[in-house]
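Read off the chains here:
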Amino acid sequence: RFKAKSRIFSICPRRSNVLVPLSIYLLSNRIGGNNHPGTGPTRRRKNIASVTSRVAVVSSDPVIALGVVDAMAMAIPHRQLFIDGEWSEPLRGKRLPIINPATEESIGDIPAATVEDVELAVAAARRALTRSKGTDWARAPGAVRAKYLRAIAAKIIEKKSELALLESLDCGKPLDEAAWDMDDVAGCFEFYADLAEALDAKQRAPVSLPMQTFKCYILREPIGVVGLITPWNYPLLMAAWKVAPALAAGCTAVLKPSELSSMTCLELAQVCKEVALPPGVLNVVTGLGPEAGAPLASHPHVDKVAFTGSTETGKKIMTSAAQMVKPVSLELGGKSPIIVFEDVEVEKAVEWTLFGCFWTNGQICSATSRLLLHESIAEEFLGKLVTWAKNIKVSDPLEEGCRLGPVVSEGQYEKIKKFISTAKGEGATILCGGGRPQHLEKGYFVEPTIITNVETSMQIWREEIFGPVLCVKTFRTEEEAIELANDTHYGLAGAVISKDTERCQRISEMIQAGVIWVNCSQPCFCQAPWGGTKRSGFGRELGEWGLDNYLSVKQVTEYISDDPWGWYPSPSKL
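Thresholds, definitions, all that
Residues numbered from 1 in each chain as written. Predicted model: local features only at pLDDT ≥ 70, side-chain atom pairs only at ≥ 80, totals over all residues. Heavy atoms only, no water. UniProt positions renumbered as here; feature names shortened; annotations may be inferred. Disulfide = S-S within 2.5 Å. Pairing = 2+ DSSP bridges. Helix = DSSP H or I, 4+ residues; strand = E, 2+ residues; numbered from the N terminus. Axes fitted to C-alpha atoms, helices over the stretch in contact; angles between N-to-C directions. Core = buried A, V, L, I, M, F, W, Y, C linked by side-chain atoms within 4.5 Å. Buried < 20%, exposed > 50% of the residue type's maximum accessible area, 1.4 Å probe, protein only. Contact = heavy atoms within 4.5 Å. 1 Å grid on protein atoms, 1.4 Å probe; cavity = no way out; pocket = protein on both sides within 12 Å on 5 of 7 lines; lining within 4 Å. Points joined across faces, edges and corners; volume = space filled by probe spheres on them. Nonpolar A, V, L, I, M, F, W, Y, C, P; charged D, E, K, R; others polar. Phe/Tyr/Trp six-rings, centres within 6.5 Å; stacked < 30°, edge-to-face > 60°. Expected span 1.5 Å × (residues − 1). Right-handed = clockwise from strand over helix to strand, strands pointing away. Lys, Arg positive; Asp, Glu negative; His and termini not counted. Salt bridge = Lys/Arg side-chain N within 4 Å of Asp/Glu carboxyl O. Polar contact = N/O pair within 3.5 Å; in protein donor to acceptor, adjacent residues only side chain to side chain.

As named in an unreviewed UniProt entry, the protein is Betaine aldehyde dehydrogenase, taken from Musa troglodytarum. Its UniProt record gives the protein a comment under Sequence similarities (unreviewed entry), which states: "Belongs to the aldehyde dehydrogenase family." One UniProt comment on the protein, placed under Pathway (unreviewed entry), says "Amine and polyamine biosynthesis; betaine biosynthesis via choline pathway; betaine from betaine aldehyde: step 1/1."

Listed below in structure tokens is the structure:
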């Protein structure tokens, strides 16, 4: 899947733990100056020496040395807002600090847009939509737009190492995960480039009619200017899920990423500048939700809003959009179940259970954070679950082999601690974890936490935590498992693990959710639809459904008979 173009990565596999740590240690020691942990001369020499020795084992190719020099020269980019194809300072001059969640220290800042900046961005997007009567972008052949999407994908791969680093520093995601995300970002742009080209062939698709005197065809047109508001757990990937199909459809867009992790979305703007994307087609405004997100969602010249985030914010966006009968698509919270039956291979099921909840530091809207476990295997399963959980490497996300980094912010850290404390107060048992790892004095780290003796009325069972916390209940029958699985306001995802194929099919049909995994948890492919039911939102992203999100279907019907319609008598014949 990975086609290497950068010099650093062209000599090693995609998931290599050899060259990545070298560039990372050098960069992390550069960023933050003398106040950054590990920046002392002794520590720096130790890091460089230890990692360089690993590189030497792989290759003595001089390209490696050049890649190291490039990495050392990199620092946190100082970006502005991206409006109408240019970098623009916020009109009020405000900026927000970038906090590294692994160190709790500021490593840079981002521009903070306000309503005036949003006005400029929306106006730029509107101009780009209608420029040359739309022929520059909105009404251009899909093949033209596909060319830009593929160029963006190629640039993402070219910049993969630095983008993965920025992502990891910004939101605490383990570096391996961040690198994997960059591959998926590029793949998403490639996929929608193909769909943009295929869209040309679908235009003027005929519709069969019962009357021979008429013919009908369908036009698929861009919905217009779209506001894209994205979360902090997959900063660039969630942006790609929206930006790629929106641009493929011919829309122009204003992207507002979360203020907690905006760096890679600003770098996406730089990528668009480098590939000469027409001005105004994609605008990126960073800042606080009330000051930048809310004005974007309520703007009268934004034709649609696509939002991924909390259910409460989703409600506000729906309310705002309703005033103008504006379409929205919402991918909101979740409290997804994973049902484990008695016939499983225990260790295999244990790993999927952990992955389903602790992947991305537990900060996944689709996290299968409610484990429903058949009572006959509960003792054995929970014993191995705890053993595996304690074996997860919790560390600075830049460390080799890290599998659980910090949560994104102090606010999220305190929220998770309060959830755990409340669960204990309500009588639940903290089987594993529940606090800060003893070896990490700084950073917003939470141990992998497993909670048992949970009642369905407890807050920990009903509310989305968005952290590495797994709740457990046992069941006796399939019917009981289904009832427990569906006893939630959410409906984003669910999982079932069993060797019984027919049982898995039954469960898949009975769980009230938009995504079901069988004998796994969390795989996601841009070819397949993604979205939820109930309070997890509506609309579908990814696949062909993701493109449809940004298209308006127009019917064109033509009367083709030479005869008059004949409904009214002609005055000339009276």
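After that view, the rundown keeps rolling.
A. The state of the cysteines, seen in detail. Across all of its chains, the model carries zero disulfides by this definition. The structure places no disulfide on cysteine 524, whose sulfur is separated from the nearest cysteine sulfur, that of cysteine 526, by 8.2 Å.

B. Structural context of the sheet that holds strand E5 (residues 205-207). On the basis of which strands lie adjacent, the open sheet formed by three strands has the order E5-E6-E22 and antiparallel pairing. The sheet is open, and its two edges are formed by E5 and strand E22 (551-559), each paired on a single side. Ignoring which end each strand starts from, the neighbouring axes of this sheet average 35° apart. Bridge analysis of E5 against strand E6 (residues 214-222) gives three bridges, and the strand direction is antiparallel. What sits directly across from alanine 205, in E6, is isoleucine 218.

C. Representation of the nonpolar core within the structure. Phe189, Tyr192, Val340 and Phe381 are the most contacted members of the largest nonpolar core, which totals 116 residues. With 14 residues, the single largest contributor to this core is helix H7 (residues 175-202). In this structure, phenylalanine 189 is in contact with Leu149, Ile152, Ala153, Ala240, Val243, Ala244 and Leu268, ignoring residues within four places of it in sequence.

D. Spotlight on empty space enclosed by the protein. In this structure the tally under the stated criterion is nine cavities of 30 Å³ or more. By volume, the largest cavity is sized at about 80 Å³. For the largest cavity, the full set of lining residues is Gly334, Lys335, Cys357, Gly362, Ile364, Cys365, Ala367, Ser369, Glu464, Ile465, Phe466 and Gly467. Residue classes in the lining of the largest cavity are distributed as six nonpolar, four polar and two charged.

E. Just the sheet that holds strand E18 (residues 493-497), in detail. Read from one edge to the other, the open sheet built from seven strands follows the order E14-E15-E16-E13-E12-E18-E19, with strand pairing classed as mixed. The two strands at the open ends of the sheet, each matched to only one other strand, are strand E14 (429-432) and strand E19 (515-518). Pairwise comparison of adjacent strand axes, ignoring direction, gives a mean angle of 25° for this sheet. Two elements, strand E12 (residues 337-340) and strand E13 (residues 370-374), share four bridges in a ladder whose sense is parallel. Bridge pairing links isoleucine 339 to leucine 372 in E13.

F. Expanded view of the packing of aromatic side chains. Per the counting criterion, the structure on display carries 14 aromatic pairs. Ring geometry for tryptophan 232 and phenylalanine 466: centres 5.2 Å apart, planes at 90°, overall edge-to-face. Of this pair, tryptophan 232 sits in the loop between strand E7 (225-229) and helix H8 (235-249) while phenylalanine 466 is found in the loop between helix H15 (459-462) and strand E16 (469-475), placing the two residues 234 residues apart along the sequence. Accessibility expressed as a relative area gives 15% for tryptophan 232, which makes it buried. The class for phenylalanine 466 is buried, based on a relative accessible area of 15%.

G. A look at helix H9 (residues 263-274). Between its terminal C-alpha atoms H9 stretches 17 Å, which fits the 16 Å expected from twelve residues at 1.5 Å a residue. Burial analysis of H9 places ten of its twelve residues in the buried class, the great majority of the element. Restricting attention to buried positions, one finds in H9 the residues Met263, Thr264, Cys265, Leu266, Glu267, Leu268, Ala269, Gln270, Val271 and Cys272.

H. Quick peek at the pairing of E12. Side chains Pro337 and Ile339 of E12 all project onto a buried face; the interleaved residues Ile338 and Val340 project onto the opposite face, where all are buried too. Taking the sense of rotation as the criterion, the β-α-β connection linking E12, helix H12 (residues 346-358) and E13 turns out right-handed. The sheet contact formed by E12 and E18 spans three bridges and is parallel. Residue valine 340 lies in a different strand from E18, and its bridge partner there is isoleucine 497.

I. Spotlight on the side chain of lysine 335. When you line up the elements, lysine 335 lands in the loop between strand E11 (328-331) and E12. Buried and unpaired, lysine 335 has no salt bridge, with glutamate 464 as the nearest side chain of opposite charge at 8.1 Å. There is a polar contact of 2.9 Å between the side chain of lysine 335 and the backbone oxygen of isoleucine 460. Within polar-contact distance, the side chain of lysine 335 engages the backbone oxygen of glutamate 463 at 2.8 Å. With sequence-adjacent residues up to four places away left out, lysine 335 is seen in contact with Ser369, Arg370, Ile460, Trp461, Arg462, Glu463, Glu464, Ile465, Thr488 and Tyr490.

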